[in-house]
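The lines below spell out each chain.
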Amino acid sequence: SDQLLPQCWLVVRVDGRGFHKFSERHEFAKPNEPRCIRLMTLAARRVLMEHRSILLAYGQSDEYSFVLHKDTNAFNRRASKLASLIGSLFTSAFVFNWSICFPDRRLLYPPAFDARAVAYPSVRTLRDYLSWRQADCHINNLYNTAFWSLVLRGGLSANQAQERLKGTLAADKNELLFSQFGINYNNEPEVYRKGSLLVRASLLDSQVDAVAEEASVGDNVPDVGEASVEEVSEIAAKVAKAEAESASTLLHIDIIKDKFWTENPRILPLDSQ
């Protein structure tokens, strides 16, 4: 059996397969393609709408991690079932919403995402995982910002830029960006430096700077057919309730430090194990 251990927090991580090639073929902007980031978030929102046991999702680059409550019994906690259903829904939502984010660009071939499910025994280990993913976001984005500045603005080849950055530390890359290109990395958009956090709106206790996002096509739109006025009103009430329960808030914030978690203790209770 591939049933994950009870009373453990579950994470299903969805990763793009061959996304370097995919981004090249679809001519993504460098170092970041904001339209793809938006598309990834629309796909993640769809997953949260369908799977109510997911508390939050964190995304960066070509990946999204979905956190399920430790008490969930969704799909009998089977790793293969969770990974296949969440991975397939994310992939289909990515394709389904492509034209919203890329109205001027045809999807040349189907993208692929793999998924895996892992259990974390405590809030501490779960937060360590989320911190690792955000640290990875920062490290990769700083490198890519420096690399593509050297190529696109500095006139270096890809090999030359790679050699120029070999062995450099974060401080070296920050200095290079500022001295050669006038870029203060700390002023770069937070979505690039910190990634995207989707949280159930009902779990937030503090005032946060949420990011408005357009809903995907088909979200919560029922087929009323020949329904009567009373039936339509009943359907509308059910849709409104479903939207409230599934609503998620998009944030680009620091999730490594304690501040966000202590101000919103209902998301991941600090005394929960």
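Residues numbered from 1 in each chain as written. Predicted model: local features only at pLDDT ≥ 70, side-chain atom pairs only at ≥ 80, totals over all residues. Heavy atoms only, no water.

(A) Structural detail: the packing of helix H2 (residues 34-50) against helix H3 (residues 79-96). Between H2 and H3, whose axes approach to 8 Å, the crossing angle comes to 135°. As summarised for this structure, H2 and H3 are arranged oblique, according to the angle between their axes. Seen along the crossing, H2 lies across H3 with a hand that is right-handed. Residue-level inspection shows Cys36, Leu39, Met40, Ala43, Ala44, Arg46, Val47 and Glu50 of H2 in contact with H3, the latter providing Ile86, Leu89, Phe90, Ala93 and Phe94. Each residue belonging to the contact of H2 with H3 can be placed in one class, and the counts come to eleven nonpolar, no polar and two charged. (Axes fitted to C-alpha atoms, helices over the stretch in contact; angles between N-to-C directions. Helix = DSSP H or I, 4+ residues; strand = E, 2+ residues; numbered from the N terminus. Parallel < 35°, antiparallel > 145°, perpendicular 65-115°, else oblique. Left-handed = near helix turned anticlockwise from the far one by under 90°. Contact = heavy atoms within 4.5 Å. Nonpolar A, V, L, I, M, F, W, Y, C, P; charged D, E, K, R; others polar.)

(B) Quick look at the nonpolar core. Among the nonpolar cores identified, the biggest contains 36 residues, and Tyr64, Phe66, Ile86, Phe90 and Phe94 are the most heavily contacted of them. Sorting the residues of this core by element identifies strand E1 (9-17), helix H1 (19-25), H2, strand E2 (54-60), strand E3 (63-68), H3, helix H4 (98-101) and strand E4 (112-120) as the ones contributing at least two each. With eight residues, H2 is the largest single contributor of residues to this core. Setting aside anything within four residues of it in sequence, one finds Phe66 in contact with Leu10, Val11, Val12, Val14, Ala44, Val47, Leu48, Ile54, Leu56, Ala57, Ile86 and Phe90. (Core = buried A, V, L, I, M, F, W, Y, C linked by side-chain atoms within 4.5 Å. Buried < 20%, exposed > 50% of the residue type's maximum accessible area, 1.4 Å probe, protein only.)

(C) Local environment of the side chain of Asn141. With respect to the element layout, Asn141 can be found in helix H5 (residues 123-152). When its relative accessible area of 5% is taken as the criterion, Asn141 is described as buried. Non-local contacts of Asn141, meaning those with residues more than four positions away in its chain, are made with Asn32, Tyr185, Tyr192 and Arg193.

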